[in-house]
Amino acid sequence: MLTAATAVVDCGGVGYLLEISLNTYSAIQEKEQVKLWVHEVVREDAHLLYGFFSTSEREMFRLLLGVNGVGAATARMMLSSLSVEELTNAIASQDAKLVQRVKGVGAKTAQRIVLELQDKVGNGIGTMAAAPVVSRNKEEALSALVMLGFPKAAADKVLQGLGNTLSVEGLIKEALKRL
């Protein structure tokens with residue numbers, strides 16, 4: 001089941017309701033099978049799942065949640081109103097007015113978003129989430145290699161020598177060849 005705001009994902013016969021952005025909805029509306037990246041928000045009164053078509057969208061969502069005064073609903077609204085690239089460029093160029101155009105984001109919140117995320121998004125298109133996702137991929141690959149019994153220092157050294165374009169699985173496969 002898919003609406004503009006939610007998607008129900010069937011995982012082995014269990015349906016999970018995911019809150020999604022309009023950008024994710026646009027990307028998945030015509031597809032029968034999709035892979036969504038999930039972020040869980042645990043509140044006192046609920047456990048909420050948010051689904052994203054791309055890892056860069058999920059990473060931007062997570063960065064937005066780290067800003068004081070930005071909750072999951074506001075972050076999802078921002079990702080429904082602006083693409084990840086538009087939001088990244090607005091933050092990188094300190095365009096708080098563009099961020100403020102999103103419903104529910106005031107002037108102070110927009111300025112706070114720009115200020116707090118400016119160092120984390122890089123210089124604009126293509127750079128947002130490259131560093132966070134790459135470092136997260138390498139962290140996950142390192143954890144997996146350590147759980148497989150490889151020394152952390154050796155695994156880390158091998159991972160540092162690998163490219164930044166590989167997925168977690170790709171990093172692990174390449175590291176296993178070199179360890």
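Just so you know, these numbers come straight off a predicted model, no measurement behind them.

S.K.: Describe in detail helix H8 (residues 152-160), supporting the description with residues and values.
M.R.: For H8, the set of buried residues is Ala 155, Val 158 and Leu 159. All buried residues of H8 project into a common sector of 100° when viewed along the axis, lining one side. Projecting away from the buried face of H8 at angles above 90 degrees are the exposed residues Ala 153, Lys 157 and Gln 160.

S.K.: Before we move on, could you go through the packing of aromatic side chains and cite the residues and values that matter?
M.R.: Counted according to the given criterion, the structure contains 2 aromatic pairs. With a centroid separation of 5.1 Å and an interplanar angle of 35°, the aromatic rings of Tyr 50 and Phe 61 are classed as tilted. You can see Tyr 50 sitting in strand S4 (residues 47-52) and its partner Phe 61 sitting in helix H2 (residues 55-65), a full 11 residues away along the chain. The exposure classification of Tyr 50 matches that of Phe 61, with both residues buried. With a centroid separation of 4.8 Å and 45° between ring planes, the pair formed by Phe 52 and Phe 61 is classed as tilted.

S.K.: Requested: an account of the packing of H2 against helix H4 (residues 84-92), with residues and values cited.
M.R.: Here H2 crosses H4 at 45°, and the two axes come no closer than 10 Å. In terms of orientation, H2 and H4 fall into the oblique class. Like other packed secondary-structure pairs, H2 and H4 cross with a definite hand, here left-handed. Between H2 and H4, the contacting residues are Ser 56, Glu 57, Met 60 and Leu 64 on the first element and Val 84, Leu 87, Thr 88 and Ile 91 on the second. Here the residues of the contact of H2 with H4 sort into 5 nonpolar, 2 polar and 1 charged.

S.K.: Before we move on, can you summarise the pairing of S4 with the specific residues and values?
M.R.: Examined bridge by bridge, strand S2 (residues 14-20) and S4 share 3 bridges and lie parallel to one another. From the neighbouring strand, Glu 19 faces S4, where its bridge partner is Tyr 50. Here strand S3 (residues 37-42) runs beside S4; their pairing, made up of 6 bridges, is antiparallel. Its bridge partner being in S4, Val 42 is matched across the sheet by His 47. In textbook terms, the turn of a hairpin is the stretch between consecutive antiparallel strands, and for S3 and S4 this stretch comprises 4 residues.

Definitions and limits used
- Residues numbered from 1 in each chain as written.
- Predicted model: local features only at pLDDT ≥ 70, side-chain atom pairs only at ≥ 80, totals over all residues.
- Heavy atoms only, no water.
- Buried < 20%, exposed > 50% of the residue type's maximum accessible area, 1.4 Å probe, protein only.
- Helix = DSSP H or I, 4+ residues; strand = E, 2+ residues; numbered from the N terminus.
- Arc of directions from axis to C-beta.
- Phe/Tyr/Trp six-rings, centres within 6.5 Å; stacked < 30°, edge-to-face > 60°.
- Axes fitted to C-alpha atoms, helices over the stretch in contact; angles between N-to-C directions.
- Parallel < 35°, antiparallel > 145°, perpendicular 65-115°, else oblique.
- Left-handed = near helix turned anticlockwise from the far one by under 90°.
- Contact = heavy atoms within 4.5 Å.
- Nonpolar A, V, L, I, M, F, W, Y, C, P; charged D, E, K, R; others polar.
- Pairing = 2+ DSSP bridges.

Keep in mind that these numbers describe shape and distance, not what the molecule does.
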